[in-house]
Amino acid sequence: GQLGLGDSGWGTERYYPTWVSSITDIVQVSAGSSHTCAVKSDGSLWCWGRNDYGQLGLGDSGWGTERYYPTWVSSITDIVQVSAGSSHTCAVKSDGSLWCWGDNSNGQLGVGDFENRYYPDWVRLITDVVQVSVGERHTCAVKSDKTLWCWGSNEDGRLGLGSTSWPRYYPALVTNDVVRVNVSPRHTCAVKSNGSLWCWGNNEYGQLGLGDTMNRYYPTWVSSITDVVQLSAGGEDWGSAHTCAMKSDGSFWCWGSSSDGQVGIGIAGTATNPLQITYVSNITQVSGGARYTCTTKQDKSLWCWGANWSGQLGLGDTMS
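Okay, so let's go over this structure. Along each chain, numbering runs from 1 in the same order as the chain's sequence is written. Whole-chain, interface and lining totals are the exception, using all residues; otherwise, since this is a predicted model, local features are given only for residues with pLDDT of at least 70 and side-chain atom pairs are given and counted only at 80 or more. Computation of side-chain values: all heavy atoms of the structure, hydrogens and water removed.

Here we look at the overall build of the protein chain
- A run of H or I in DSSP becomes a helix once it reaches four residues, and a run of E becomes a strand once it reaches two; helices and strands are each numbered from the N terminus. Along the backbone of the protein chain there are zero helices and 23 strands.
- Principal axes of the C-alpha set define a box for the protein chain whose edges measure 45 × 45 × 35 Å.
- Residue burial in the protein chain is summarised as follows: out of 320 residues, 54% are buried.
- For the protein chain, the share of sequence-separated contacts (at least 6 apart) that also reach a separation of at least 24 residues comes to 45%.
- Total accessible area on the protein chain stands at roughly 13700 Å², and carbon and sulfur atoms take up 51% of it. For each residue, the accessible area found with a 1.4 Å probe, counting protein chains only, is set against the maximum for its type, and the residue is called buried under 20%, exposed over 50%, and partly exposed in between. Residues are treated as being in contact if the distance between any of their heavy atoms lies within 4.5 Å. Under the convention used here, a 1.4 Å probe and the Shrake-Rupley method define accessible areas, while residue burial counts only the protein chains that appear.

As structure tokens, this is what we get:
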């Protein structure tokens, strides 16, 4: 029910963009693996879809507690940004406080233990948050002083702390001078104030953009791309992971696995360095999913490519 259209299951996929008519006044939305959350202009938070770990923040969990329509998360207000991951969710309030809920098996909620939360819980050890990004089993946040903090699973070095040691169940300082972070299931990338791009974690498919397939356990400069203003570390799937970025001149760059054409280079394959995607230009936003990518342009048109077995490209068919 992650589309919020009142139904679910095989055969209810939508192959065209479909209006979620039961919710209005949206200012931001985040799509996780199987659930979705949106912020309205009044600061209220609404979530729907899968809820097996309590990732909707509605006080319950397990099979049978899914929501097929947008449902008000009434226990939290004044939201300015939300990020939905695989099985947990985090949101930033207008006062800079961070709240997380759902699966906490690897400490990804940052609340100091490994217990799941079914309601939004305040992450007390971090304040003045301006952006949060949630992955499969780890979370990263940028504070107003431009410091970057990460926690949760540290497999593949995805926390950027220089090792692959035990999970962190509280926020840990990674680096500074960061203006944006984006978390994928197994790797993380951040943009610094000078437009430089830094990535770390799993690099099995060259998704770090460093010219090889070696994992990095600490933030590593992607020297072949500059002036980055927005990025998306695409969702990962078995045998696939990719990353895309937009530069200040509106040019668009992608790298990593293109098994289903998700990098946008016109062929299947792997790119271990950033490649400019000339098929689309004048980009204003990019978002990568598992094996597919979507962008908006300055003329407000939407462009998508890659895997399409569930109609995720919105083109009216299931052809990749």
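Topic: the sheet that holds strand β15 (residues 197-201)
- Taken together, the four strands give an open sheet; going across it, the order is β13-β14-β15-β16, and neighbouring strands pair in antiparallel fashion. What marks the edges here is a single partner per strand, and that holds for β13 (178-183) and β16 (216-221). The average angle at which neighbouring strand axes cross in this sheet is 15 degrees, direction not considered.
- Sheet topology places strand β14 (residues 187-192) next to β15; five bridges connect them, and they run antiparallel. Pairs of strands are assigned from DSSP output, requiring at least two bridges between the strands. Comment: axis = line fitted to C-alpha atoms, over the contacting stretch for helices; angle = value between 0 and 180 degrees taken between N-to-C directions.

A word on the pattern of salt bridges
- The term salt bridge refers to a side-chain nitrogen of Lys or Arg lying within 4 Å of a carboxyl oxygen of Asp or Glu. Counted under the stated rule, the structure contains 15 salt bridges.
- Here D121 makes a salt bridge to R117, at a shortest N to O gap of 2.7 Å.
- Residue D121 is classed as buried on the basis of its relative accessible area, which comes to 17%.
- Residue R117 is classed as buried on the basis of its relative accessible area of 17%.
- E236 is the salt-bridge partner of R186, the closest N and O atoms lying 3.0 Å from each other.

Comments concerning the sheet that holds strand β20 (residues 270-276)
- Across the sheet, which stays open at both edges, the four strands sit in the order β17-β18-β19-β20 with antiparallel pairing between neighbours. Because the sheet does not close on itself, it has two edges, and the strands there are β17 (228-233) and β20. Mean inter-strand twist for the sheet, computed between neighbouring axes without regard to direction, equals 10 degrees.
- Across four bridges, strand β19 (residues 252-257) lies against β20 in antiparallel orientation. Paired with W253 across the bridge in β20 is Q276.

Describing the environment of E66
- Within the secondary structure, E66 is located in the loop between β3 (45-49) and β4 (67-72).
- Residue E66 is classed as partly exposed on the basis of its relative accessible area, which comes to 23%.
- In protein, a polar contact requires one atom able to donate a hydrogen and another able to accept it; more generally it is a pair of N or O atoms within 3.5 Å, and residues adjacent in sequence count only if both atoms are side-chain atoms. A distance of 3.1 Å separates the side chain of E66 from the backbone nitrogen of G64, its partner in a polar contact.

As for the packing of aromatic side chains
- Geometry of aromatic contacts follows a simple scheme: Phe, Tyr and Trp rings, the Trp one being its six-membered ring, pair when their centres are within 6.5 Å, and the pair is stacked under 30 degrees between planes, edge-to-face over 60, tilted otherwise. Applying the stated criterion across every chain yields a total of four aromatic pairs.
- Geometrically, the ring pair formed by F114 and Y169 is edge-to-face, given 5.2 Å between the ring centres and 90 degrees between the ring planes. Of the two residues, F114 sits in the loop between β7 (98-102) and β8 (117-122) while Y169 sits in strand β12 (residues 168-175), which places them 55 residues apart along the sequence.
- Given a relative accessible area of 37%, F114 falls into the partly exposed group.
- Both rings, one in F252 and one in W305, keep their centres 5.7 Å apart while their planes meet at 80 degrees; by these two values the pair is edge-to-face. Residue F252 is found in strand β19, and its partner W305 is found in strand β23 (residues 302-306); the two are separated by 53 residues along the sequence.

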